[in-house]
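Observations on chain architecture
Below, each chain spelled out in residue letters.
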Amino acid sequence: MRRDAIERVAVIGAGTIGTGWATFYTAKGLAVRLADELPEVAEAAAVNVAANLRFMEEQGFLSAGGAAAARDRLQVFESTAAAVEGVELVQEAVFESYQAKGAVFALLDELTPPEVPLASSSSGLLMTEIQASMARYPERALIAHPIHPVYLVPLVELVPGARTDLELLGAMRAFYERLGKVPVSLNREVPGYLENRLTAALWREAIDLVHQGVASVEDVDRAIWAGPGLRYALMGPLLIYHLGGGEGGVRHFVEHLGPAFSDWWQDMNTWTELPTGALDALEQGLQRAMDSRSISEVAAWRDGQLVKLLRALAGSRPPEAEPGS
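Heads up: these notes are all about the structure in this document. (Residues numbered from 1 in each chain as written. Predicted model: local features only at pLDDT ≥ 70, side-chain atom pairs only at ≥ 80, totals over all residues. Heavy atoms only, no water.)

Points about the sheet that holds strand β5 (residues 118-120)
Note the following rule: A pair of strands is labelled paired if DSSP reports no fewer than 2 bridges between them. Helix and strand assignments follow DSSP, with helices taken as H or I runs no shorter than four residues and strands as E runs no shorter than two, numbered in order from the N terminus. Angles here are taken between N-to-C directions and fall from 0 to 180 degrees, while the axes themselves are lines fitted to C-alpha atoms, restricted in helices to the stretch in contact.
Pairing is mixed across the open sheet formed by eight strands, whose spatial order is β3-β2-β1-β4-β5-β6-β7-β8. The sheet terminates laterally at β3 (74-77) and β8 (182-185), the two strands that pair on one side only. Averaged over neighbouring strand pairs, the angle between their axes works out to 25 degrees when direction is ignored. Pairing geometry for strand β6 (residues 141-146) and strand β7 (residues 155-160), over five bridges, is antiparallel. Counterpart to Pro146 in the pairing with β7 is Val156.

Brief notes about the packing of aromatic side chains
In plain terms, the rule: Centres within 6.5 Å are what make two rings of Phe, Tyr or Trp a pair, Trp counting through its six-membered ring; a difference in plane orientation under 30 degrees is then read as stacked, over 60 as edge-to-face, and the rest as tilted. Think of it as a cone above the ring: NZ of Lys or CZ of Arg counts as a charge over the ring if it is within 6 Å of the ring centre and within 35 degrees of the ring normal.
One pass over the full model with this rule turns up 11 aromatic pairs. Counting every residue linked through ring pairs, the aromatic cluster contains Trp21, Phe24, Tyr25, Phe175 and Tyr176. One residue, Lys181, lies across the ring of Trp21, its end atom 5.5 Å from the ring centre. Positioned over the ring face of Phe24 is Lys181, at 4.7 Å from the centre of the ring.

Concerning unusual backbone geometry
Going by this rule: Three exposure classes are used, based on accessible area relative to the maximum for each residue type with a 1.4 Å probe and protein chains only: buried under 20%, partly exposed in between, and exposed over 50%.
For the bond from His148 to Pro149, the omega torsion is -5 degrees, close enough to zero to count as cis. Looking at the secondary structure, you find Pro149 in the loop between β6 and β7. Positioned with a positive phi, Tyr193 is a non-glycine residue whose angle comes to about 60 degrees. Its location among the elements puts Tyr193 in the loop between β8 and α8 (195-211). Despite not being glycine, Asp291 shows a phi value in the positive range, around 55 degrees. In this structure, Asp291 sits in the loop between α13 (278-290) and α14 (295-313). Looking at Asp291, the relative accessible area reads 57%, which means it is exposed.

Some points on the pairing of β6
Burial analysis of β6 places six of its six residues in the buried class, the great majority of the element. Side chains Ala141, Ile143 and His145 project from β6 onto one buried face, and the interleaved Leu142, Ala144 and Pro146 project onto a second face that is buried too. By the bridge criterion, three bridges tie β5 to β6 in an arrangement that is parallel. Residue Leu118 lies in a different strand from β6, and its bridge partner there is Ala141.

Here we look at the pattern of salt bridges
Formally: Any carboxyl oxygen of Asp or Glu within 4 Å of a side-chain nitrogen of Lys or Arg constitutes a salt bridge here.
Inspection of every chain in the model, using the stated rule, returns seven salt bridges. Of the charged contacts, one joins Arg8 and Glu88 as a salt bridge, the two residues approaching to 2.5 Å between their closest N and O atoms. With Arg8 in strand β1 (residues 8-12) and Glu88 in the loop between α4 (80-83) and β4 (89-92), this pair connects stretches of sequence that are 80 residues apart. For Arg8, a relative accessible area of 39% corresponds to the partly exposed category. Across the pair Lys101 and Glu92 runs a salt bridge whose closest N-O atoms are separated by 2.4 Å. Accessibility classification places Lys101 together with Glu92 in one group, the buried group. What emerges from the salt-bridge pattern is a single network uniting Glu92, Glu96 and Lys101.

Here you go:
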């Protein structure tokens, strides 16, 4: 299976993530065949991708005329079978359920030759469960979970299923790296993968602090973006606390502050479903925090700020050991 010559990609599902992938791939020079069997979604897809590409050109991520050239590399279909003809990679982005994804992967397994990788954009489902629907070549299926907006945020999580060819995992990691993504690979699958499990833990505590009346929505969010969030743009929590230990590193940090963390962990709630009334408090606080701005207005502001961050961080990576060192 060769993944070093992928030039044509089928994206199945033309919602937010699917159009994000289509934007990303066309901007990187690949031909994209985007499919959605809902006519109204397929009809809107080209418009949405074109708007994303214009934004990228306006922000300098594409050269002058680059948006139009990228848009010309996009074809939109209402048939999955038509979209996957002649492609070297399929990126699935349909509804987040085992039933929906299983049906699509069963179909893709029948429609495409065995050398074509099938990558799911799932946010947390297990590929092993999805592979159960594949009667022919389940070894060429894996999770490739992006972060919205796909064409700006570089992370992509690669997760194998029980029957995934691990050489495929390495080849797809190299493929995404060549396109400028920052891939992370899981050694084994867990629900939610890395990013969503980490952010879910933080989100639960943030909700609980609002629900318990400890602080407002605005101040809980401010406690992240004005403090640790700045460091998170440069490195993750494991390296952050290693540096927090000074020359003694993480061992000194734990010996010094471990008992305090233990007290904090014991004081934190560990509920697995939203407490009664928490959603109301959250929604009311968020409406105040939005200050009469619409979600689309705040999303546009977010994307503009992401562009500034990406420019500021261009070329920077946290120090990591080179492979084999």
